[in-house]
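# Report on the structure
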Amino acid sequence: MKLERKEILSALETITIAGEGKNMVESGAVKNVLIFGNEVTVDILIATPAMHIKKRAEDDIRKLIHEKFSPDVVVKVNIKVEAPANPNGSNGSEQANQIKGKAIPGITNIIAVASGKGGVGKSTITANLAVTLAKMGFKVGVLDADIYGPSMPIMFDVENEKPISVEVDGKSKMKPVESYEIKILSIGFFTAPSQAVIWRGPMASKALNQMIFDADWGQLDFMLIDLPPGTGDIHLSIMQSLPITGAVVVSTPQAVALADAKKGVSMFLSDSINVPVLGIIENMAYFTPEELPNNKYYIFGNGGAKNLAADLQVPFLGEVPLVQSIREAGDYGRPAALQTASVIERVFEEITRSVVQETVNRNESLPPTEAIKITTMAGCSAVKGK
């Protein structure tokens, strides 16, 4: 049977946590429900550290899901204990997620583009989303946060450009490089093409903060942040620095890519991060030879990212075919979405419209994202099944 998130939430409304009058959904104890195939992960937040209450809540959830849905469902329960806020405010500074990141004046939406693993075309997708947004009339900026493998200078044909210094309100600021009406900043502007960036996490984070806050970005409707692969230090630094509007996850249909994409989605949706996921984009979805335009060859698998999006209950934003001209356009520094009246232009227009619509939906239904405040490492570890 196919598990549905709303049905599981509805079932959880029949359970109460000992000592609380409301059911665990109504009381806010259920922070997240993730579904992947026949695996269900439930994140719970309770106010008491008593072991017997934690164990009872876990047993109740597992028993309910097995009885109501199937005994074959793999149930994982992640219980976090957080004492209620002190009404006198003495503990306010210790609570996670209570500080907003520094907003960048003039920037309306900040979209993080991520992938669980490298080589899935995340930077190519970012570049083409940016130029398509600009063609739609939006003011767009790109922050290349892939410190160890910056791609944007190549993809926008500005490898030899350098940001200049400008004075804004009496302070010296970096002026982003502009190409195809996109404002761009990348560590690639400050290093030689053959130079390896050998930095520890704090150095990389400091460089990113300078590109974010010491730059004259001006007015932007969208800032796209091209994150490095994985779920590491740079991701935490970005989400501690900025109130991210939402995240877009890129994956190929291949099983190994999907496994890592699942981790990427879980990172954003975890209780300690709590960044809305706007959706998943499937790159290299199929190959169509130029001489056989009606044929589709699913080299990396068929529909994997679309199925992953359904399982994780996040939007599927669209699929990008494996086309030689996309690679060539990126290498030559002119993103493929700029090819007027082409199939690729239409593909990226449809995907970008979906991204914009999901951003609108997110802004209408959710409060502004707060930058995270990591006080312990508890929220960064994988959920352990019992």
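It should be noted that the structure appears before, not after, this text.
My aim in this report is to walk through the structure given alongside it, one point at a time. (Residues numbered from 1 in each chain as written. Predicted model: local features only at pLDDT ≥ 70, side-chain atom pairs only at ≥ 80, totals over all residues. Heavy atoms only, no water.)

## Looking at the environment of Leu322
Looking at the secondary structure, you find Leu322 in strand 13 (residues 316-322). Since its relative accessible area comes to 27%, Leu322 is described here as partly exposed. With 24 residues separating them in the primary sequence, Leu322 and Tyr298 have C-alpha atoms 9.4 Å apart. Filtering out sequence-adjacent residues up to four positions away, Leu322 remains in contact with Met284, Ala285, Tyr286, Phe287, Thr288, Ile299 and Phe300. (Helix = DSSP H or I, 4+ residues; strand = E, 2+ residues; numbered from the N terminus. Buried < 20%, exposed > 50% of the residue type's maximum accessible area, 1.4 Å probe, protein only. Contact = heavy atoms within 4.5 Å.)

## Structural notes on helix 3 (residues 122-135)
Here helix 3 contains 14 residues, and its C-alpha end-to-end distance of 20 Å stays within 8% of the 20 Å for a straight helix at 1.5 Å per residue. Taking burial as the measure, the 14 residues of helix 3 include 12 buried ones, the bulk of the element. Taken residue by residue, helix 3 has Lys122, Ser123, Ile125, Thr126, Ala127, Asn128, Leu129, Ala130, Val131, Thr132, Leu133 and Ala134 as its buried positions. Gly137, located one to two residues past helix 3, shows a positive phi value of around 105°. (Expected span 1.5 Å × (residues − 1).)

## A closer look at the pairing of strand 6 (residues 164-168)
The buried fraction of strand 6 amounts to zero of the five residues, a small share that puts the element mostly on the outside. The hairpin turn running from strand 6 into strand 7 (residues 171-175), its antiparallel successor, is two residues long, and Asp169 in that turn takes a positive phi close to 50°. (Pairing = 2+ DSSP bridges.)

## Observations regarding helix 9 (residues 324-332)
Along helix 9, the residues classified as buried are Ile326, Ala329 and Gly330. Take helix 9 and look down its axis: the buried residues cluster within an arc of 100°, on one side only. Seen from the open side of helix 9, the exposed residues pointing more than 90 degrees away from its buried face are Gln324 and Tyr332. On the buried face of helix 9, the contacting elements are helix 3, helix 4 (152-155), strand 13 and helix 10 (343-365). Looking one or two residues beyond helix 9, the residue adopting positive phi is Gly333, at roughly 85°. (Arc of directions from axis to C-beta.)

## Notes on unusual backbone geometry
Non-glycine residue Asp169 carries a positive phi angle of around 50°. Mapped onto the fold, Asp169 is located in the loop between strand 6 and strand 7. The exposure class of Asp169 is exposed, given its relative accessible area of 77%. The backbone of Glu181 shows a phi angle near 70°, a positive value even though the residue is not glycine. The class of Glu181 is exposed, set by a relative accessible area of 63%.

## Overview of the sheet that holds strand 12 (residues 277-287)
Spatial strand order, 8-9-5-10-4-11-12-13: eight strands in an open sheet with mixed pairing. On the outer flanks of this sheet lie strand 8 (177-179) and strand 13, each paired with one strand and no other. With strand direction ignored, the average angle separating the axes of adjacent strands in the sheet is 25°. As judged from the five bridges shared by strand 11 (residues 246-251) and strand 12, these two strands associate in the parallel manner. Residue pairing in the sheet places Ser251 in a bridge with Glu282 of strand 12. Sitting on the sheet, helix 7 (residues 255-269) is in contact with strand 4 (107-114), strand 11 and strand 12, with an inclination near 175° to strand 11. In the packing of helix 10 onto the sheet, the strands contacted are strand 4, strand 10 (220-226), strand 11, strand 12 and strand 13, and the crossing angle to strand 13 comes to about 160°. (Axes fitted to C-alpha atoms, helices over the stretch in contact; angles between N-to-C directions.)

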